Each structure stands twice: as C-alpha cells, then as structure tokens.
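So the chains spell out like this:
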Amino acid sequence: MTQYNFQKMLTERTIVAQATAVGAAGVGIVRLSGFSALAIANKMIKFKLEKKLTPRKAHFVDFIDENGQLLDQGLVLYFPSPHSFTGEDTVELQGHGAQIVLQQLINTAIHYGAHIARPGEFSEQAFLNGKLDLLQAEAIADLISASSARAARAALQSLTGYFSQQVSQIAFSIKAIRVQIEAAIDFSDEAIEPASLQSLYDENKKLYEQTKQLICRALKGLTLNSGIRIGLLGQPNVGKSSLLNALLGYDRAMVTDIAGTTRDTLQESFHIEGVRFEIVDTAGLHDSNDVLEKEGMRRARSAIANCDVILVVQDIRNQDSLLSYIQQLRVCEDIQATLSRCLGVRNKLDLVADVSTYDCKNEWLNISAEQGTGLNVLREKLLERSNMQQGQETQFVARRRHVSALQKTAECLNSAQGLLKEQALDLLAEELRLAQHYLGEIVGTVSSDELLGEIFSTFCIGK
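In this numbering scheme, every chain counts its residues from 1 along its sequence in written order. Thresholds applied to this predicted model are a pLDDT of at least 70 for local features of residues and 80 or more for the giving and counting of side-chain atom pairs; totals over whole chains, interfaces and linings are not thresholded and use all residues. Note that water and hydrogens are dropped before the side-chain values are worked out from all heavy atoms of the structure.

1. Side note on the overall build of the protein chain
Piece 1. Numbering goes from the N terminus for both helices and strands, where a helix is a DSSP run of H or I of at least four residues and a strand is a run of E of at least two. Summing up its helical and strand segments, the protein chain has 16 helices and 13 strands in all.
Piece 2. Buried positions account for 49% of the 463 residues belonging to the protein chain.
Piece 3. Whether two residues are in contact is decided by their heavy atoms: any pair within 4.5 Å suffices. The contacts of the protein chain with a sequence gap of at least 6 include a subset with a gap of at least 24, amounting to 67%. Relative accessibility decides the category of a residue: with a 1.4 Å probe and only protein chains considered, values under 20% of the type maximum give buried, values over 50% give exposed, and everything between is partly exposed.

2. Some words on the packing of helix H14 (residues 400–422) against helix H15 (residues 425–443)
Piece 1. Running from amino to carboxyl end, H14 crosses H15 at an angle of 165°, the nearest separation of the two axes being 8 Å. The orientation of H14 with respect to H15, classified from their angle, is roughly antiparallel. Between H14 and H15 lies a crossing whose hand is left-handed. Residues Arg 401, His 402, Ala 405, Leu 406, Lys 408, Thr 409, Cys 412, Leu 413, Ser 415, Ala 416, Leu 419 and Leu 420 of H14 lie in contact with H15, whose contacting residues are Leu 427, Leu 428, Glu 431, Leu 432, Leu 434, Ala 435, Tyr 438, Leu 439, Glu 441 and Ile 442.
Piece 2. Here the contact of H14 with H15 is composed, by residue class, of 15 nonpolar, three polar and four charged. The convention used is that axes are lines fitted to C-alpha atoms, helices contributing only their stretch in contact, and that angles between N-to-C directions extend from 0 to 180 degrees. Roughly parallel covers angles under 35 degrees, roughly antiparallel covers those over 145, roughly perpendicular covers 65 to 115, and oblique covers all other angles. It is the rotation of the near helix from the far one that decides the hand of a crossing: anticlockwise by less than a right angle makes it left-handed, clockwise makes it right-handed. For this classification, Asp, Glu, Lys and Arg are treated as charged, while Ala, Val, Leu, Ile, Met, Phe, Trp, Tyr, Cys and Pro are nonpolar and the rest, including Gly, are polar.

3. What about the sheet that holds strand S13 (residues 364–366)?
Piece 1. Any two strands with at least two DSSP-identified bridges between them are counted as paired. Read from one edge of the open sheet, six strands run S9-S10-S8-S11-S12-S13, paired in mixed fashion. Each of the sheet's edge strands pairs with one partner strand only, and the pair in question is strand S9 (266–272) and S13. Each neighbouring strand pair of the sheet contributes to a mean axis angle of 30°, computed without reference to strand direction.
Piece 2. In terms of strand pairing, strand S12 (residues 342–347) meets S13 through three bridges, oriented parallel. The partner of Arg 346 across the bridge, within S13, is Asn 366.
Piece 3. Each of strand S8 (228–234), S9, strand S10 (275–281), strand S11 (309–315), S12 and S13 is contacted by helix H13 (residues 375–386), which is oriented at about 175° to S12, the strand it contacts most.

4. Concerning the nonpolar core
One recurring pattern in soluble globular proteins: nonpolar side chains tend to sit buried together.
Piece 1. Throughout this description, the term nonpolar core refers to a set of buried Ala, Val, Leu, Ile, Met, Phe, Trp, Tyr and Cys residues connected via side-chain atoms within 4.5 Å. Judged by nonpolar contacts, the single largest core of 42 residues is most densely connected at Ile 230, Leu 243, Phe 270, Phe 277, Leu 311, Leu 378 and Leu 382.
Piece 2. If sequence neighbours within four positions are ignored, Leu 243 has contacts with Leu 232, Leu 311, Val 313, Val 345, Ile 367, Ala 369, Leu 375 and Leu 378.
Piece 3. Within the second largest apolar cluster, 38 residues are counted, among which are Ile 174, Leu 432, Ile 442 and Val 443.

5. Considerations on helix H4 (residues 121–128)
Piece 1. The buried fraction of H4 is high, at seven of eight residues.
Piece 2. Once H4 finishes, Gly 130 follows within two positions and takes phi at roughly 75°, a positive value.

6. Regarding the packing of aromatic side chains
Piece 1. Stacked, tilted and edge-to-face pairs are distinguished by plane angle, under 30 degrees for stacked and over 60 for edge-to-face with tilted covering the rest, among Phe, Tyr and Trp rings (Trp via its six-membered ring) whose centres lie within 6.5 Å. Tallied over the full model, the rule gives three aromatic pairs.
Piece 2. Seen in terms of ring centroids, Phe 270 and Phe 277 are 5.5 Å apart; in terms of plane orientation they differ by 15°. Their pairing is stacked.
Piece 3. Classification of Phe 277 by relative accessible area gives buried; the value is 0%.
Piece 4. Through a chain of ring-to-ring contacts, the aromatic side chains of Tyr 162, Phe 163 and Phe 396 assemble into a single cluster.
Piece 5. In this analysis the charged atom, NZ for Lys or CZ for Arg, is taken to sit over a ring once it is within 6 Å of the ring centre and within 35 degrees of the ring normal. Looking at Arg 31, its charged tip hangs above the ring of Phe 122, at a distance of 5.5 Å from the centre.

7. Remarks on helix H9 (residues 240–248)
Piece 1. Most of H9 sits inside the fold, with nine of its nine residues counted as buried.
Piece 2. Taken together, the buried positions of H9 are occupied by Lys 240, Ser 241, Ser 242, Leu 243, Leu 244, Asn 245, Ala 246, Leu 247 and Leu 248.
Piece 3. In this structure, the buried side of H9 is in contact with S8, S9, S10, S11, S12 and H13.

8. With respect to the sheet that holds strand S7 (residues 115–116)
Piece 1. Judged by pairing direction, the sheet is mixed, and its seven strands sit side by side in the order S3-S4-S5-S6-S2-S1-S7 without closing on themselves. Single-partner strands in this sheet number two, and they are strand S3 (45–47) and S7.
Piece 2. When strand S1 (residues 14–18) meets S7, the two strands line up parallel, connected through two bridges. Residue Val 16 lies in a different strand from S7, and its bridge partner there is Ile 116.
Piece 3. Lying over the sheet, helix H3 (residues 99–111) contacts S1, strand S2 (25–34), strand S4 (59–64), strand S5 (70–79), strand S6 (90–97) and S7, oriented at roughly 175° with respect to S1.
Piece 4. Contacting S1 and S2, H4 crosses the sheet at an angle of about 140° to S1.

9. Considering the pattern of salt bridges
Piece 1. Salt bridges are identified by distance alone: a Lys or Arg side-chain nitrogen within 4 Å of an Asp or Glu carboxyl oxygen. Tallying each qualifying case throughout the model produces 11 salt bridges.
Piece 2. With a closest N to O distance of 3.0 Å, Arg 399 and Asp 142 form a salt bridge. You can see Arg 399 sitting in the loop between H13 and H14 and its partner Asp 142 sitting in helix H5 (residues 134–144), a full 257 residues away along the chain. Taken as a pair, Arg 399 and Asp 142 share a single burial class, namely buried.
Piece 3. A salt bridge links Arg 178 to Glu 182, with the shortest nitrogen-to-oxygen separation between them at 3.1 Å. Highlighted residues: Arg 178 and Glu 182, both in helix H7 (residues 162–186), separated by four residues, approximately one helical turn.

What follows is the structure in structure tokens.
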C-alpha cells in the first residue's frame, strides 16, 4: 500500500492534531477527523448538562483521559459528515492553551485509536472529499503564511475559488473545441466546413490570449506570494549595510568605518505597499588574499546569482559608469544579463557639498542611507521592478507550478493555431488534450500521488 492509498484512509483512518499555534495561549484546539472521530470524542468527554453531542452546537464538558482523570474543561463541537471542513465527521476540543494539556488530549485520542495527522492532512482530506480543489487547498497555506494585508486578501480570493474559476473556464472551452475536433476525426469522410474551421481557429486564438493574460496575472500573484529577492552588491565600505538598515527601518547589520566588516551574507525582509522584499547584504567585492574575505565574496557572488534585483551600491564620489563598476566587481561572466537585473545606487550623498557636480547620467540614484535622502524614490523603483505598483491590486496568489502549467497550456494552444491551419486533426487533438491536462494539474482534476504529497507536506500539521 502506497502512502496515498486514499480509499483505505478515507474509510479507516481517524486523524488528530493541534489546530492552534504551538505555545501558551488562552485557548487551544485539538481537532479530530475521520470515521471514528465522534466515538473517540465521546470517550474523552463528560457532559455537564447534555447527554449527547448535538451537531454544530458548543457543549461545555470535562475532558478526561483513558483512566477517567480530569485533564481540562472546555467546549466541544461536532460537525457530522459531509458538512465539515474535511467532509468527514469532525470534532473540535477547545480547552485552555497550555501545551501540556493539549498534548494530553492528543495522547488520549491516540490511545483510543486516532493517528497523529501528517502536515496538511486535514486540507488533503478536504480536497479528496471534494470540499475544495487543489488551488483552494494551497490558498489555505498561503493565507496562513501571508505576511501582509495585500497578500492575505489575494490568498482569500484564491480560497474562495476565483483563480480556480479562471482556469476551469479555459479548460471547459478547450474541451468544447476538442470534442468537435475528435468528432471530425471519427467521421473523417466528412470534411470540416471552412466556416466551422475558421470559427474553431478564432475560438482557439481567443483562448490563447486569455491564457496569456492569466499568466501575467499569475506572475503578479507569484510575486505577492513569494516576494522579490534583492541582493546588495558593491565594493567594501560603500554603505551596503547602512542601506540595509535604512530599508528595514532598524539596525540589523553592523556598520563601521572599517572596510570588510561584513564577511557573510545576511538576509532579512521588508514590505513596500504590501509587497514582500527579501534583501541580502553581502561582503564587499575587491581584491584580497584574506581567506575569510575571499570566502565571503564567493558567497556574495553565489547569493547574487539567485536574486531578482541587484542593488549595485557605489560611493557617490566614485564616478564610474554602472557597466564599468559591475565589470570591476567581476560578478559573473555574462555582464549584460547581470546588468538587466541591476539598479544603480550611489550612496553617501550627505558627504557631498555640491550635488550638481555628481551627475547621475540616468543610471544611478543618488541617496544617503545615513539621512534617508532618496529612499522613497528607491522604494518606488523597487516596486516598478516588481511590477506591483500601487493601484494594481492582485486578484489571487499563485505558485510556480501554476505559472509553469499555464505557460505549457499557452504553448499547446499556440501550436494548435498552426495545426488548425494545416487541418492536422490528430496532432491538433493531442495538443488540446495536453492543454486540458496541464490545466487539470493546477486545480487537481489531474494529479499524481507524488504531487499531492509534495504540496500538502508544506502545510502545518493542524491544517
């Protein structure tokens, strides 16, 4: 039996886990779900007034262990199948949020036959029981981990099914075209009328454009979900760490006048208008024989390779061009590819008496990390690079696998355009089948056990 022998799990497995965050709190919740959830819960409670659990009604009870020992007092709620989050019988035990008490409740449930839930298993069961699709299940984890109000709103949109509807509408329209094409293949003695062929071509082209638009929106949703990774790059003592502290709004990195203070990479995050930026401070790049400095510079170049935006920091009194400065830093061999990710920042404006003598040449932003001068302009530039400016509200969150599947769908629809012109019906039907398959992977109508295991393993245990 594989890990995901779902039928057996649905009929035999009852799971238990703490549904609230770990740590002391006023209230803590232990959740049971599965065929034996009600029977197990009934053994763990002693009623104060009622004689049995009424669905969707809070009951004040004593919680007891297998020996009848009082563990806690609190509320118990019962949600019978299929009207529960998981679609199975579900019981929630709501007691005081002491970790020792909650663990005792879990241990008692296990004694009566429950299994400790795997990460994401409650959401997984909801997906398997048709309570939500795979996109919505992922949105639960995205909502829990949202780091800004903007990200939370977008995750909630995905949870309510907005993104799923966009994907399903395209999939439904592809299926409609596919039905006509496969009917034409089955009755090959009857040629497709030119008008019908043109209609199919126009519809396929429309779907291709819709998919491309959805990709653009999904990329924004991916940015909001994953954030933008920024790398600070420059020579020693140009103020990279001071700029890091200024963007964060507090002193995180050590700042001194001694060159080479930063020896290792330092990563932190901050937000601009609800968009998360992961910023990496790196060691200054220069010629050195010091073993520690050389290792720090190696790590700096490695970190920069994975950044979406590179903030190239230069002392304002240095008049090198951006290209020349990057070449001196020897970031990588492909200078032009690196240059496209770079945003030039000339720091220490506060040390210059006459700013007019230091021309930006439209490739540098003049700032003072020490005094905060020019930082608002820098933040605007970073938002521009993220393509997430104010007023462009993201309607849903997305993940890399969603974007990849949509891009593959677009490729299939693009190929279908040419095949429609050539009337290569067999090849056309296969391209449409693949397009429909990729969309099915997004919402979970087509999914492998391996994919489901990978997705739900990233969830917290109680969800």
